[in-house]
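Descriptive structure summary
The chain contents come next:
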Amino acid sequence: MHTKLTTTMRDEPNGVFPSVCPLDCPDQCGLLLHKQDGKIIKIEGDPNHPVTQGAICNKVRNMTARIYDEKRLEYPLKRVGAKGEGRFEQISWDEAIATITDRWKTLIATEGPESILPYSFYGNMGRIGTEGMDRRFFNRMGASRLLYAICESAGTEGYAYTMGSSFGTDPETTPQAKLIIMWGINAVSTNMHQVMLAEQARKNGAQIVVIDAHRNQTGRWADWFIPILPGTDAALALGLMHVLFAEGLVDEAFMQEYTLGHEELREHVKSYDPASVSTITGVPVDDIYRLARLYGGTTPAFIRIGNGIQHHDNGGMCVRTIACLPAVTGQWQYPGGGAIKGNGAYLEHNVTALQRPDLREGHARQINMNLLGSALQELNPPIYAMYVYNSNPALVAPSANKVKEGLLRDDLFTVVHDLFLTETAKYADIVLPATSSFENTDFYRSYWHHYVQLQLPVISAYGESKSNVEVFRLLAKAMGYEEEALHETEETLIRQALDNPKNPALAEITYETLIEKSFIKADVKPLFPGRLRTPSGKIELYSRQMELKGYPPLPTYIPLPEDSELTFHFIPAPNHNFLNSTFAHNEKHVRMEKAPKLHMHESDAEALGLASGELARVWNERGECELVVVTGQDVMRGVVVSQGLWADQPGGKTRVNALTPDRVADMGDGAVFFSGRVNVEKAASQ
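These lines cover the structure that appears in this document, whether it is placed above or below. In this text the structure is predicted, and so the values were computed from the model without any measurement.

Here we take up the packing of helix α5 (residues 133-141) against helix α21 (residues 468-479). Two elements in contact, α5 and α21, have axes whose closest approach is 9 Å; the angle formed by their N-to-C orientations is 20 degrees. If you check the angle between α5 and α21, you find them roughly parallel. The crossing of α5 and α21 is left-handed. For the pair α5 and α21, contact is made by Met-133, Asp-134, Phe-137, Phe-138 and Met-141 and by Val-469, Phe-472, Arg-473, Leu-475, Ala-476 and Met-479, respectively.

Relative to the elements of secondary structure, Asp-69 occurs in the loop between α2 (63-67) and β4 (77-79). When its relative accessible area of 8% is taken as the criterion, Asp-69 is described as buried. Beyond its immediate sequence surroundings of up to four residues, Asp-69 is in contact with Phe-420, Tyr-462, His-585, Asn-586 and Glu-587.

So, on to the sheet that holds strand β12 (residues 301-305). Sheet architecture is open: five strands sit in the order β10-β9-β8-β12-β13, paired in parallel fashion. Since the sheet does not close on itself, it has two edges, and those belong to β10 (224-227) and β13 (338-340), each with one partner. For this sheet the average axis-to-axis angle between neighbouring strands, irrespective of direction, equals 15 degrees. Taken together, the five bridges between strand β8 (residues 179-183) and strand β9 (residues 207-212) define a ladder with parallel strand orientation. Along β9, the bridge assignment pairs Leu-179 with Gln-207. Contacting β8, β9, β12 and β13, helix α8 (residues 192-203) runs over the sheet at an angle of about 150 degrees to β8.

Here the focus is the sheet that holds strand β1 (residues 15-20). The three strands lie next to each other as β1-β2-β3, forming an open sheet whose pairing is antiparallel. Two strands lie at the open edges of the sheet, namely β1 and β3 (39-45), each paired on one side alone. This sheet shows a mean twist of 30 degrees between the axes of neighbouring strands, independent of strand direction.

With eight of eight residues buried, helix α15 (residues 315-322) lies mostly within the body of the structure. What α15 keeps buried is the set Gly-315, Gly-316, Met-317, Cys-318, Val-319, Arg-320, Thr-321 and Ile-322.

Okay, the packing of aromatic side chains next. The full count for this structure, using the stated rule, is 20 aromatic pairs. Between Phe-138 and Phe-472 the ring centres are 5.5 Å apart and the planes differ by 80 degrees, which places this aromatic pair in the edge-to-face class. One end of the pair, Phe-138, is in helix α5; the other, Phe-472, is in helix α21, and 334 residues separate them in sequence. The pair Phe-138 / Phe-472 is uniform in exposure class, with both members buried. Taken together, the ring pairs in this structure connect Trp-104, Phe-137, Phe-138, Tyr-387, Tyr-389, Phe-472 and Tyr-481 into an aromatic cluster.

Mapped onto the fold, His-214 is located in the loop between β9 and α9 (217-221). Take His-214: its relative accessible area is 5%, and that puts it in the buried class.

Below, the discussion takes up the packing of helix α6 (residues 153-163) against α15. Remark: α6 packs on α15, axes separated minimally by 7 Å, with the N-to-C direction vectors making an angle of 40 degrees. Judged by the angle between their axes, α6 and α15 are oblique. Crossing geometry of α6 relative to α15 is assigned as right-handed. Along the contact surface, α6 presents Ala-154, Gly-155, Gly-158, Tyr-159, Tyr-161 and Thr-162, while α15 presents Gly-316, Val-319 and Arg-320. Along the lines of polarity and charge, the residues of the contact of α6 with α15 split into four nonpolar, four polar and one charged.

Time to look at the pairing of β12. Most of β12 is tucked away, with five of its five residues classed as buried. Across the two faces of β12 the burial is the same, with Ala-301, Ile-303 and Ile-305 and Phe-302 and Arg-304 all buried. Bridge count for β8 against β12 is five bridges, and the pairing is parallel. What sits directly across from Trp-183, in β12, is Ile-305. Two strands pair when backbone bridges link them, and β12 and β13 are joined in this way by three bridges, in the parallel orientation. In the strand pairing of β13, Phe-302 is matched with Gly-338.

Moving on: the nonpolar core. Counting 129 residues, the largest nonpolar core has Trp-104, Phe-137, Phe-138, Trp-183 and Tyr-387 as the members making the most contacts within it. If near-sequence neighbours (up to four positions away) are discounted, Tyr-387 is found in contact with Trp-104, Leu-117, Pro-118, Tyr-119, Phe-138, Val-415, His-417, Leu-432, Val-471, Phe-472 and Leu-475. Residues Phe-121, Leu-610, Val-639 and Val-640 belong to the second largest nonpolar core, which totals 58 residues.

Further remarks concern the state of the cysteines. According to the stated counting rule, one finds zero disulfides in the structure shown. Cysteine Cys-21 is unpaired, with the sulfur of Cys-29 as its nearest cysteine sulfur at 5.7 Å. Note on Cys-21: relative accessible area 4%, which makes it buried. A disulfide-free cysteine, Cys-318 has its sulfur positioned 11 Å from the sulfur of Cys-324, the nearest such atom.

The omega torsion of the bond from Asn-380 to Pro-381 falls at 0 degrees, within 30 degrees of zero and hence cis. Mapped onto the secondary structure, Pro-381 falls in the loop between α18 (372-378) and β15 (385-389). Residue Pro-529 follows Phe-528 across a cis peptide bond; omega there is 0 degrees. Structurally, Pro-529 is set in the loop between β20 (519-521) and β21 (539-540). Of note in this structure, Gln-28 is not a glycine but carries a positive phi near 40 degrees. If you trace the backbone, Gln-28 turns up in the loop between β1 and β2 (30-36). The exposure class assigned to Gln-28 is buried, which follows from its relative accessible area of 2%. Positive phi, close to 55 degrees, is recorded for Asn-390, a residue that is not glycine. Within the fold, Asn-390 resides in the loop between β15 and α19 (393-396). Judged by relative accessible area, Asn-390 falls into the buried class, the value being 16%.

Reading the values: the criteria
- Residues numbered from 1 in each chain as written.
- Predicted model: local features only at pLDDT ≥ 70, side-chain atom pairs only at ≥ 80, totals over all residues.
- Heavy atoms only, no water.
- Axes fitted to C-alpha atoms, helices over the stretch in contact; angles between N-to-C directions.
- Helix = DSSP H or I, 4+ residues; strand = E, 2+ residues; numbered from the N terminus.
- Parallel < 35°, antiparallel > 145°, perpendicular 65-115°, else oblique.
- Left-handed = near helix turned anticlockwise from the far one by under 90°.
- Contact = heavy atoms within 4.5 Å.
- Buried < 20%, exposed > 50% of the residue type's maximum accessible area, 1.4 Å probe, protein only.
- Pairing = 2+ DSSP bridges.
- Phe/Tyr/Trp six-rings, centres within 6.5 Å; stacked < 30°, edge-to-face > 60°.
- Nonpolar A, V, L, I, M, F, W, Y, C, P; charged D, E, K, R; others polar.
- Core = buried A, V, L, I, M, F, W, Y, C linked by side-chain atoms within 4.5 Å.
- Disulfide = S-S within 2.5 Å.

Laid out in structure tokens, this is it:
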């Protein structure tokens with residue numbers, strides 16, 4: 001029997017209970033959790049959820065193996081060995097909190113609060129656990145601020161120059177599309193319900209095109225796969241616009257009414273002729289014409305803009321450029337047409353009420369999370385303490401060896417709050433056990449579909465584990481912080497976050513209505529007719545705002561910098577069974593993924609004397625790793641692709657982020673994971 005969402009679910013030993021997937025994934029599925037004798041024994045999709053409709057991925061289906069993994073942390077730990085050894089002894093929560101706060105009080109008195117750095121991301125997408133009590137606490141402390149730029153900041157800024165904010169097509173309308181372009185997204189592995197919706201469109205006659213540097217699962221699923229050299233996607237988009245304007249495949253009336261700068265763009269793209277663009281991108285001239293005519297001649301046409309293309313030095317401009325295509329052809333007018341980079345702006349909660357920036361006195365320095373290695377080693381005044389939660393920077397941050405060297409500092413006091421003894425936790429002085437999302441109260445809002453969802457505890461806390469909100473309340477008390485905002489309940493935080501008069505789309509979504517329904521769709525209005533958040537209120541094909549900031553005001557292809565003289569362009573992409581480093585520590589998920597691989601073109605492999613199944617050493621000036629070679633024609637010559645962030649293995653070298661540069665992208669201070677270069681050779685260990 002399906003039990004409704006209630007505050008007593010945790011205490012009921014048996015039943016089926018509504019839940020929500022907590023992963024940093026656009027789909028944010030509705031779930032049903034089956035309990036027996038107080039434990040979750042099965043996870044399935046909720047068939048009543050309008051978008052996810054009962055379908056879930058392997059990651060979530062097998063999440064019980066993660067929740068009840070024998071390696072999961074149960075008690076607070078204190079380091080007794082050298083940093084990195086992973087030797088700890090059990091301590092009490094009282095001792096852990098006292099140790100942490102005593103050290104922090106001393107540092108605040110001697111070095112100032114900015115000597116303390118919180119480091120987190122969205123390892124759990126629950127909003128009050130990732131940007132609620134934690135932000136309040138560190139605001140009150142006056143700690144250094146973290147710039148959350150590791151994922152989508154470059155593309156978000158680029159898209160906003162064109163469209164004003166993260167507004168896109170309602171994914172529930174995409175089955176109406178007659179052409180779907182998946183651009184730089186391995187949606188089969190990272191956005192499976194967009195694939196399901198595209199399949200509905202395909203049954204209605206739609207064609208599916210995938211543009212990517214790797215013929216991954218999504219590329220193999222497509223009707224037409226177009227391989228492209230990494231970092232050249234903006235050139236392809238401009239080449240398509242060249243053909244669209246030249247052949248009259250544009251919507252003049254839409255551009256006239258809803259865009260700014262279409263005449264300047266028309267002139268600008270004349271220089272991006274298909275022959276020149278083909279030389280840049282590796283896409284044949286005939287394919288550029290074919291794709292442009294297909295896009296310009298099909299309505300509705302929909303583009304799913306992926307995260308991958310923004311992880312380049314030119315990533316912001318790349319997304320900004322692709323976002324111009326639906327405006328040129330007027331696809332925003334049609335249900336199922338347009339584009340999605342993200343839809344988070346539709347569901348904006350009251351960030352100010354949740355994070356309480358008013359608790360901070362003055363303006364503390366801001367540290368880019370992509371530059372953690374440099375910050376730990378070079379920043380002056382130094383960071384002397386770090387508190388890590390919802391993230392594993394030793395594995396996920398760029399230039400991992402530089403991060404490791406920083407974490408090894410004897411004078412750095414590190415606390416890690418996690419479910420497992422992660423790579424980062426092994427360098428910690430204190431490790432705190434974290435609850436899973438199914439043990440917490442929190443609310444979730446997708447950045448792809450339009451639904452807000454509520455999670456109430458379904459099971460009791462594992463061992464002595466505690467949620468982020470609980471721990472920060474304990475820390476606040478021990479620090480002597482008496483502000484009411486630092487001691488409020490989870491329910492109160494959720495109510496405050498959902499009370500956002502500036503976003504009428506959330507008007508009917510309250511704590512009470514979420515208790516009743518568990519998920520509710522925001523009241524989202526069509527973009528057009530309407531006014532965008534750009535300075536002109538229109539789609540800005542020409543952006544004066546960009547010009548004032550020193551960017552080209554029109555979409556422009558900017559080549560990647562030459563990182564080095566190394567042979568191969570290296571892309572460390574996601575895999576199918578992990579999500580960043582989540583699940584990389586769980587044996588079941590590792591078995592499903594099998595091994596860390598390196599995909600390379602068969603001719604490149606042959607030239608190096610490498611065959612499929614052999615171990616390759618992949619290296620550059622930042623570090624090295626060893627991966628199992630997979631040869632074929634799924635990548636272009638001169639490109640190698642790995643998949644997944646693999647946990648450290650005994651005797652293995654699998655940290656691919658040891659190879660990634662820690663430069664920042666053209667916009668949003670974003671990461672450039674996919675713009676690095678490497679050399680490859682047969683591993684000596686064979």
